[in-house]
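Descriptive analysis of the structure
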Amino acid sequence: MKRIVIFASGNGSNAENLIKFFHNSDSASVIQVLSNNPYAKVLDRAKNLNISALSFNKIAFTETNDVLNLLKSTRPDLIILAGFLWKFPEHILKEFPNMVINIHPALLPKFGGKGMFGMNVHKAVVSQKETETGITIHYVNENYDEGAIVFQAKCNVLPTDGADDIAKKIQKLEMEHFPKVVEKLLNE
């Protein structure tokens, strides 16, 4: 049975979707949700689904090996960033090479980088008058949103679409594709 750990900072809709998708799976399960935000809704979602949920601070994540040691003890086969807003530290990436993926709410390399998350991305898509956008699932490296792309899915942006309209289209793509891509990666 493959083991998944999810990092998230906020609401946790993608984390919940992944937990539910793998709930009755014979091949994988989400074993833990970790958050840099002790008040994140994702922690409640995970606990309500009987998944271990813990929060940590910046020191435990970047300056000590506390989070790294926690990950070593849980032995994940895949670490998933699902709305996780901090840059992932190199000391963890080195310990888990090609085992950390992220989902980004745009078609990278467009609209990636520091500060480009959630509504910031959707507003940028609108202001640039893009005709399409989408999601990108990619490996995580030492730079924001620059790791190798695993998967992309696109949707049209209508001239009348605002950031909220785009957010709904992106969430639909995330819910549909993210669990399937994770499953495929785990089975490779």
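Within each chain, residue numbers correspond to sequence positions counted from 1 in written order. Confidence filtering applies because this is a predicted model: local features only for residues at pLDDT of at least 70, side-chain atom pairs given and counted only at 80 or more, and all residues used for totals across whole chains, interfaces and linings. Water and hydrogen atoms play no part in the side-chain values, which are based on all heavy atoms of the structure.

1. Digging into the sheet that holds strand S2 (residues 28-35)
- Read across the open sheet, the seven strands follow the order S3-S2-S1-S4-S5-S6-S7; overall the sheet is mixed. Strands with a single pairing partner mark the edges of an open sheet, and in this sheet they are strand S3 (52-55) and strand S7 (149-156). Neighbour-to-neighbour, the strand axes of the sheet open up by a mean angle of 20°, direction not taken into account.
- Between any two strands, pairing holds if DSSP finds at least two bridges. Each helix corresponds to a stretch of at least 4 residues labelled H or I by DSSP, and each strand to a stretch of at least 2 residues labelled E; elements are numbered beginning at the N terminus. As judged from the seven bridges shared by strand S6 (residues 132-139) and S7, these two strands associate in the antiparallel manner. Bridge pairing links Ile137 to Phe151 in S7. Axis definition: a line fitted to C-alpha atoms, limited for helices to the stretch in contact. Angles are taken between N-to-C directions and run from 0 to 180 degrees.

2. Observations regarding the pattern of salt bridges
- Any carboxyl oxygen of Asp or Glu within 4 Å of a side-chain nitrogen of Lys or Arg constitutes a salt bridge here. All chains considered together, the criterion is met by seven salt bridges.
- Residue Lys110 pairs with Glu130 through a salt bridge whose shortest N-O separation is 2.8 Å. Linking Lys110 in the loop between strand S5 (100-104) and helix H6 (118-127) with Glu130 in the loop between H6 and S6, this pair joins segments that are 20 residues apart in sequence.
- Through salt bridges with shared partners, a single network forms among Glu16, Lys20 and Arg45.

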